[in-house]
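What follows is the residue order along each chain.
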Amino acid sequence: INPGSTSTKISVFDSLNEVFTTTLRHENSELEKYHSIIEQYDFRKSVILNSVKEKGIKICDIKAVVGRGGLLKPIPSGVYRTDDAMIEDLKRAERGEHASNLGGILAREIAAEIGENTPSFIIDPVVVDEMSDLARISGHPLMPRISIFHALNQKAVARRYARELGRKYEDINLIVAHMGGGVSVGVHEQGKVVDVNNALDGDGPFSPERSGSLPNGDLVKICLSGKYTASEIKNMLKGKGGFNAYFGTSDARIVETRALEGDKEAALVYDAMSYQVAKEIAAGAAVLKGKVDGIILTGGIAYSERTVSDITERTEFIAPVKVYPGEGEMEALAEGAYYALQGELEIKEY
C-alpha cells in the first residue's frame, strides 16, 4: 500500500511475482470531506478492500500487509512491525502531515481485518537515518544536516545490485542516485547510508521540482526583500523550483524533448541537472575514499538515455555504473516483506 495525496497505489504479490498493481484515484470532492489526512483512512481502506475483491483475490489468502512508511522519528533502515507506538506517532503527525503516514495505519488495519496473527509492516520510510556524525555538520549549529531521502527505492536497488554481484549488501560500498521529482544521492557504506542530501527540503542537485542548494547570499536577499511570503519562498525551494522555475513544468520528458528539438536553454538546464548529480556522486566517492564498488542510477529520470549517458560519462572512472530505471516502490515493499517472512531480513520494533 503506497498512499499519495490524491491516490492510493496498491499491489498484490505472490512471493516476488506481481499479481496486479493499480492506482486508485481519489476525487477532491471525496477527500475534502476530511479535515486531515489521517481521517481518510477508513475511506481509503474501503476502497482498497473493494479493489482487491474486484480482482478476485480472497482477503483471507493474504499472508502479510505492508505499507509505505511515513514521517516518523528518525530510524535505521529495515523492516518494522507496525506497533502501537508507531501508529500513535503516525496519527499525531508531529513531524508533518503526509499521505505516506497512512501507509502503516492502513497496513495494520487491513491485517487486523484478515486475522489477529496476520503481520503488517512498514519498510525503509523517508526518515531512515544512518548518517555519520561527520555528515551531520553543516557549518552552523542551528542548521544541522538531516537524513530525508528516497530510502525505500535506494535500499532496494542497492540490495538487488549486491545480489547480482553475488555479495552481501553489508560488504560493499555503493553510491545511489535516485532521480525523480526530487533527487537524492546516497553514500552506502557497508549496508548503511552514511551521507545523503536532504531530498525533501532540497540541498544537493536541483530536480524537476526542487531548487537544490542555492547561493546563500542571494537566498538571504530574496528572503528579506519583502517581495515574497515565507510560503512563497518555500515553494521556490520545493514544488516550484528546478525545471518548474525555468519552464513552468515539472515533467522532465517535456524539457528533454525541447532540448532534443533544439531549444538551447532547455538543453543547458536539462544537462545542468545531470552535471550536478554527477558532481554529487563524485563527492560521495570522496566520502568512501575512492573505495566504490558501484554507482547506481534509479528513479523515473533514469529512463532518459541522455541523462544516463551524461552521468555515466562523468562518473564511470570511479566505478561501474548500473541503471535501474523507475521508482520501484511497490517491488521494494514486496521484497522487504518477503525476505522478512523468509527470515533473511530482521523484523525490527519501532
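Above this note sits the structure.
Residues numbered from 1 in each chain as written. Predicted model: local features only at pLDDT ≥ 70, side-chain atom pairs only at ≥ 80, totals over all residues. Heavy atoms only, no water.

**Thoughts on the overall build of the chain**
- When its secondary structure is counted, the chain shows 13 helices and 12 strands.
- With respect to the three principal axes, the spread of C-alpha positions in the chain is 55 × 50 × 45 Å.
- Within the chain, the fraction of its 350 residues that count as buried is 51%.
- The contacts in the chain between residues at least 6 apart in sequence include a share of 68% that link residues at least 24 apart. (Helix = DSSP H or I, 4+ residues; strand = E, 2+ residues; numbered from the N terminus. Buried < 20%, exposed > 50% of the residue type's maximum accessible area, 1.4 Å probe, protein only. Contact = heavy atoms within 4.5 Å.)

**A short note on helix H6 (residues 151–165)**
- Here H6 contains 15 residues, and its C-alpha end-to-end distance of 21 Å stays within 8% of the 21 Å for a straight helix at 1.5 Å per residue.
- With 11 of 15 residues buried, H6 is to be regarded as a mostly interior element.
- Listed in full, the buried residues belonging to H6 are Ala 151, Leu 152, Asn 153, Gln 154, Lys 155, Ala 156, Val 157, Ala 158, Arg 159, Tyr 161 and Ala 162. (Expected span 1.5 Å × (residues − 1).)

**Focus on the sheet that holds strand E2 (residues 7–14)**
- Ordered in space as E1-E2-E3, the three strands form an open sheet in which the pairing is antiparallel. In the strand order of this sheet, the two ends are held by strand E1 (2–3) and strand E3 (17–25), each with one partner.
- Relative to E3, E2 is paired through eight bridges, and the arrangement is antiparallel. Bridge pairing in E3 links Asp 14 to Asn 17. (Pairing = 2+ DSSP bridges.)

**Quick look at the pattern of salt bridges**
- Applying the stated rule across the entire model yields 21 salt bridges.
- Across the pair Asp 89 and Arg 92 runs a salt bridge whose closest N-O atoms are separated by 2.7 Å. Of this pair, Asp 89 and Arg 92 both sit in helix H3 (residues 84–92), three residues apart, which is roughly one turn of that helix.
- Arg 92 gets classed as partly exposed once you look at its relative accessible area, which sits at 42%.
- As a salt-bridge pair, Glu 130 and Lys 155 come within 2.9 Å of each other at their nearest N and O atoms. (Salt bridge = Lys/Arg side-chain N within 4 Å of Asp/Glu carboxyl O.)

**Notes on the packing of H3 against helix H4 (residues 101–114)**
- Axis separation between H3 and H4 bottoms out at 9 Å; the angle between their running directions is 135°. Overall, the two elements H3 and H4 adopt an arrangement that is oblique. Note on packing geometry: the crossing formed by H3 with H4 is left-handed. Together, Asp 84, Ile 87, Leu 90 and Lys 91 of H3 and Asn 101, Gly 104, Ile 105 and Arg 108 of H4 make up the contact between the two elements.
- Broken down by class, the residue content of the contact of H3 with H4 amounts to three nonpolar, two polar and three charged. (Axes fitted to C-alpha atoms, helices over the stretch in contact; angles between N-to-C directions. Parallel < 35°, antiparallel > 145°, perpendicular 65-115°, else oblique. Left-handed = near helix turned anticlockwise from the far one by under 90°. Nonpolar A, V, L, I, M, F, W, Y, C, P; charged D, E, K, R; others polar.)

**Focus on the pairing of strand E8 (residues 183–189)**
- Counted residue by residue, E8 has six buried out of seven residues, so it is predominantly covered.
- One ladder, built from seven bridges, connects strand E7 (residues 173–179) with E8; its direction is antiparallel. Each bridged residue has a counterpart across the sheet, and for Leu 174 the counterpart in E8 is His 188.
- Adjacent in sequence and paired antiparallel, E8 and strand E9 (residues 192–196) are bridged by two residues, among which Gln 190 carries a positive phi angle near 50°.

**Digging into the packing of aromatic side chains**
- For the structure shown, the criterion picks out five aromatic pairs.
- A ring pair is formed by Tyr 246 and Phe 247, whose centres lie 6.1 Å apart and whose planes are at 40°; its orientation type is tilted.
- Above the face of the Tyr 324 ring, Arg 160 is positioned so that its terminal group lies 5.5 Å from the ring centre. (Phe/Tyr/Trp six-rings, centres within 6.5 Å; stacked < 30°, edge-to-face > 60°. Lys NZ or Arg CZ within 6 Å of the ring centre and 35° of its normal.)

**A short note on the pairing of strand E4 (residues 65–68)**
- The side-chain alternation of E4 yields two buried faces, one formed by Val 65 and Gly 67 and the other by Val 66 and Arg 68.
- Alignment of E4 against strand E6 (residues 120–123), held across four bridges, turns out to be parallel. Along E6, the bridge assignment pairs Arg 68 with Ile 123.

**Points about the environment of Lys 279**
- With respect to the secondary-structure elements, Lys 279 resides in helix H11 (residues 264–287).
- A residue is classified by how much of its surface remains accessible, and Lys 279, at 52% relative accessible area, is exposed.
- Sequence-wise, Lys 279 and Arg 314 are 35 residues apart; in three dimensions their C-alpha atoms are separated by 8.5 Å.

**Digging into the side chain of Gln 40**
- Among the secondary structure elements, Gln 40 is positioned in the loop between helix H1 (28–31) and helix H2 (41–54).
- Looking at Gln 40, its side chain comes within polar contact range of the side chain of Arg 44, at 2.7 Å.
- In this structure, Gln 40 is in contact with Leu 31, Tyr 34 and Leu 102, ignoring residues within four places of it in sequence. (Polar contact = N/O pair within 3.5 Å; in protein donor to acceptor, adjacent residues only side chain to side chain.)

**As for the packing of helix H10 (residues 252–260) against H11**
- At a minimum axis separation of 7 Å, H10 and H11 run at an interaxial angle of 125°. Taken together, the axes of H10 and H11 are oblique relative to one another. H10 and H11 meet at a crossing whose hand is left-handed. In contact with Ala 252, Val 255, Glu 256, Arg 258 and Ala 259 of H10, H11 contributes Ala 266, Ala 267 and Tyr 270.

**A short note on the side chain of Asn 197**
- You can see Asn 197 is positioned in the loop between E9 and helix H7 (216–224).
- There is a polar contact of 2.9 Å between the side chain of Asn 197 and the backbone oxygen of Val 183.
- Dropping the residues within four chain positions of it, Asn 197 is found in contact with Arg 145, Ile 148, Phe 149, Val 183, Ser 184, Val 185, Asp 203, Gly 204, Pro 205 and Glu 280.

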